[in-house]
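For reference, the chains in residue letters:
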Amino acid sequence: MSDVSEARPHHRHLEQARAQVIELLLRQAVEKELVSRSESRRQDVVAQLVARQHQAALEQRLAHFHPADIAFVLESLPPDARAMAWSLVKPERRGAVLLEASDAVRRSIALGMSPDEIAAVVRTLDSDDIADLVSSLPEDLRHAVVERLDRTDQDEVRSVLSFPPGTVGAIMDMDFIAVREDTTLEAVQRLLRRRKTLPAHTNQLFVVDRSNTLKGLLPLSRLLLEEPETSVGEVMIRQPVYFYTDDEVRDAVDAFEKYDLISAPVVNLHQQVVGRITVDAVVDEINARAQSESLRQVGLSEEDEDLFAPIARSARRRWPWLVLNLLTAFFASRVIGAFEDIIAELVALATLMPIVASIGGNTGNQSVALVIRGLALNQLGPSQLRQILLRELQINAINGALWGAVLGLVTLAIYHHLPLAAVIAAALLLNMLVAALVGVLTPVALHRFGRDPAMGSSIILTATTDSMGFFIFLGLAAAFLV
């Protein structure tokens, strides 16, 4: 049992091993810095010997890591320790490691290498993986790397890079197996045995004619279970799910989720098979989209995925978001300033008004999230939009009435002021209705104008619910309390 557990470590053991390697690399980076400042030659020699022993041990441990685990280690380290860890990765594994790393970390490593070094690293990869890797590099460096590849790889990489980002052609795999429909299953099996290996995630073969036009699909299950003398045309799927090279990736993602696909053919405008899209590329796209949207919602970009990026550059990238927040906060403060006399007469208003604004913002964010999801899945036509707007207004009316009453009772218990309790209950209800209205309409409006709903919706919502929350609550107070 112990031999089996050592051969197949549980993922928790891998997490522990990664954490240990990260800690050792961080410690080594500190020790290296201390040695560089040391004035004692003898201590310097001893420290260097110890460091070499540690590096040999770390190199051996990294050799047993999956490329994804090594990429995780690189992403978890500051620049000095990251450079040290990269130097310990075997050259033949560096391409696979870079492929697993985030774009920001990949770019930071590649910028420290010459075009010849990058070309030597990526030669071990398939052409579509090379295209994925070099696409994140600066344009001049990208061209220099491609020019140093083999002629075959150059043509295939340039072919993939010619497709616009966000299209199926840009993420397709050009390694696939095609057969003719008049071939017997036995002949296909002999063909596969001669190949020795199959492309990753191969669950079906593509059936084409002499001009490479897609005719159907041959699942491996039928290839194995049907009679060997049966022809491919008799058992193939004649109406397959396929994609054009210029289809949007989001449409492919939706299709893979809807039809539980593992792979699907990609064709050009003449219906000729030029590649395939596989489930691993779709999963990567889903993860990248989720991470990108979570960053955009708070005004960050993909460059901020690197936790150890240069401080000055990271600070500059956040300026537009901070300026916009500053302007909206200033506007909200001017709303409060218009009611200074009211607040001076009833100080309790100053302590209660943030509650109205905060709950309105949280409620609106829930509506924003639902609408952005509906837009991403193409579920929001005009009739669906009316329904979801009415639904969110009804939900917030119920919650606003209920929790407004609860807030009113708490206010009454603290301040013993019934009109004040009624005012804050009414203000909470009205601001939640405003939040529902803005939370539904804002992302839709941004989407209609070609803007990213995830990027601007939250700040528009926050500015509106804060300003309107203050205005509604203080306006009601001015009308009924003072």
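Residues numbered from 1 in each chain as written. Predicted model: local features only at pLDDT ≥ 70, side-chain atom pairs only at ≥ 80, totals over all residues. Heavy atoms only, no water.

## A short note on the overall build of the protein
Along the protein, the regular secondary structure elements total 24 helices and 6 strands. Buried residues in the protein amount to 40% of all 482 residues. Contacts spanning at least 24 positions in sequence make up 67% of the contacts within the protein whose residues lie at least 6 apart. With an accessible surface of roughly 26,800 Å², the protein has 57% of that area assigned to carbon and sulfur atoms. (Helix = DSSP H or I, 4+ residues; strand = E, 2+ residues; numbered from the N terminus. Buried < 20%, exposed > 50% of the residue type's maximum accessible area, 1.4 Å probe, protein only. Contact = heavy atoms within 4.5 Å. Areas by Shrake-Rupley, 256 points an atom, 1.4 Å probe, with all protein chains shown as cover.)

## Some points on the nonpolar core
In terms of nonpolar packing, the biggest core is built from 41 residues, with Leu25, Trp86, Ile118 and Val122 touching the most fellow members. For this core, the element with the most residues is helix α5 (residues 79–88), which contributes 5 residues. Dropping the residues within four chain positions of it, valine 122 is found in contact with Ile130, Leu133 and Leu149. (Core = buried A, V, L, I, M, F, W, Y, C linked by side-chain atoms within 4.5 Å.)

## Topic: the sheet that holds strand β5 (residues 263–267)
Strand order in this open sheet of 3 strands is β4-β5-β6, and the pairing throughout is mixed. Each edge of the open sheet is held by one strand with a lone partner, namely β4 (243–244) and β6 (273–278). As judged from the 5 bridges shared by β5 and β6, these two strands associate in the antiparallel manner. Residue pairing across strands places valine 267 opposite valine 273, the latter belonging to β6. (Pairing = 2+ DSSP bridges.)

## Topic: helix α22 (residues 382–415)
Residues spaced three or four apart along an α-helix point in a common direction, a consequence of the helix completing one turn every 3.6 residues. Over its 34 residues, α22 runs 47 Å from end to end, which matches the ideal 50 Å to within 8%, given 1.5 Å per residue. Every buried residue of α22 is listed here: Leu385, Ile388, Leu389, Glu392, Asn396, Gly400, Gly404, Leu407, Gly408 and Thr411. At its buried positions, α22 is contacted by α21 (348–376) and α23 (418–448). Backbone geometry just after α22 places histidine 416 at a positive phi near 55°. (Expected span 1.5 Å × (residues − 1).)

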